[in-house]
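# Survey of secondary and tertiary structure
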Amino acid sequence: ILNVEQSPQSLHVQEGDSTNFTCSFPSSNFYALHWYRWETAKSPEALFVMTLNGDEKKKGRISATLNTKEGYSYLYIKGSQPEDSATYLCAPPKAAGNKLTFGGGTRVLVKP
Amino acid sequence: DAGITQSPRHKVTETGTPVTLRCHQTENHRYMYWYRQDPGHGLRLIHYSYGVKDTDKGEVSDGYSVSRSKTEDFLLTLESATSSQTSVYFCAISLGQGAEQYFGPGTRLTVT
């Protein structure tokens, strides 16, 4: 079982402010890293699949970077809005079966 | 949205009774997964399937069995439900290795 850690566990952000948080994962035998967004009472939705060291992905105001050598990824939210309130999960898959091991998530609450 | 449905969406059952949850997809994706969501544990993989009649265990498979006789259906069975299996169960699908996973709406199971 992979050891995946996300920090912080939760954060409160004022509307309009930018924020970022971290996902740490084992750097050995790296294959890929998934990011998911999970709103309360809904299902997780994929944000990014990242595979290359130095990769940067962007979707609207959300972006992510990847460092496979040191085993971490940052997710950034620029100009946070209330609709960004969600739990953000990262998960490195195993190559065999694309099995995901999820981190505990970072719960983001954007206050108007 | 990916065509994934789960049935039932809610179920209350008694300890010791068998329970089967169904995941149905219309996307013809090869891989299918069952997760459970619990406070303090996040999402954990129970079982997954990489094709018809091809299944394998995840990290929390004890007490669960699965079957996949058709591409579109993945069944999760609790042979004799216990209170520790009270949880929200999510099904997910993916095209294959490296691909993002799409999640179903979830099934809330309560074992009394």
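Scroll up a little and you will see the structure.
Below: a short report on this structure.

Cut-off values and rules
Residues numbered from 1 in each chain as written. Chains lettered and ligands numbered in written order. Predicted model: local features only at pLDDT ≥ 70, side-chain atom pairs only at ≥ 80, totals over all residues. Heavy atoms only, no water. Pairing = 2+ DSSP bridges. Helix = DSSP H or I, 4+ residues; strand = E, 2+ residues; numbered from the N terminus. Axes fitted to C-alpha atoms, helices over the stretch in contact; angles between N-to-C directions. Phe/Tyr/Trp six-rings, centres within 6.5 Å; stacked < 30°, edge-to-face > 60°. Core = buried A, V, L, I, M, F, W, Y, C linked by side-chain atoms within 4.5 Å. Buried < 20%, exposed > 50% of the residue type's maximum accessible area, 1.4 Å probe, protein only. Salt bridge = Lys/Arg side-chain N within 4 Å of Asp/Glu carboxyl O. Contact = heavy atoms within 4.5 Å. Buried area = accessible area lost by both parts, 1.4 Å probe. Polar contact = N/O pair within 3.5 Å; in protein donor to acceptor, adjacent residues only side chain to side chain. Nonpolar A, V, L, I, M, F, W, Y, C, P; charged D, E, K, R; others polar.

Right, let's talk about the sheet that holds strand S9 (residues 86-91) of chain A for a bit. Residue and element names in this part refer to chain A. What the 5 strands build is an open sheet, ordered S2-S12-S9-S4-S5; its pairing is mixed. Strand pairing shows two members of the sheet lacking a second neighbour, strand S2 (10-14) and strand S5 (45-50), which therefore form its edges. On average, each strand axis in the sheet is tilted by 20 degrees relative to the strand beside it, whichever way the strands run. Two strands pair when backbone bridges link them, and strand S4 (residues 33-38) and S9 are joined in this way by 5 bridges, in the antiparallel orientation. The residue of S9 that forms the bridge with Trp35 is Cys90.

This part covers the packing of aromatic side chains. A full pass over the atoms with the stated rule returns 16 aromatic pairs over all chains. In this structure an aromatic cluster arises from ring pairing among A:Tyr36, A:Phe102, B:Tyr31, B:Tyr33, B:Tyr35, B:Tyr48, B:Tyr50 and B:Phe103.

Moving on, we get to the nonpolar core. By size, the foremost hydrophobic cluster in this structure holds 21 residues, and its most contacted members are A:Phe21, A:Trp35, A:Phe48, A:Leu75 and A:Tyr88. Within the second largest apolar cluster, 19 residues are counted, among which are B:Leu21, B:Val60, B:Phe74 and B:Ala81.

Should their charged atoms come close, side chains of opposite charge can pair. In this structure the tally under the stated criterion is 7 salt bridges over all chains. Where A:Glu39 meets A:Lys42, a salt bridge forms, and the shortest distance between an N and an O atom there is 3.9 Å. Put simply, B:Asp73 and B:Arg22 hold a salt bridge, and the shortest N to O gap is 3.1 Å. You can see B:Asp73 sitting in strand S8 (residues 73-78) and its partner B:Arg22 sitting in strand S3 (residues 19-25), a full 51 residues away along the chain.

Moving on: the interface of chain A and chain B. Facing 18 residues of chain A, the contacting portion of chain B comprises 20 residues. When the two sides are added together, the surface that chain A and chain B hide from each other amounts to roughly 1600 Å², 59% of it contributed by carbon and sulfur. The tally of links between chain A and chain B comes to 0 salt bridges. Seen at the junction of chain A and chain B, the total is 2 residue pairs in polar contact (both at pLDDT 80 or more). Here the element with the most residues in the side of chain A that touches chain B is S4(A); it accounts for 3 residues. Here the residues of the side of chain A that touches chain B are counted per class, giving 12 nonpolar, 4 polar and 2 charged.

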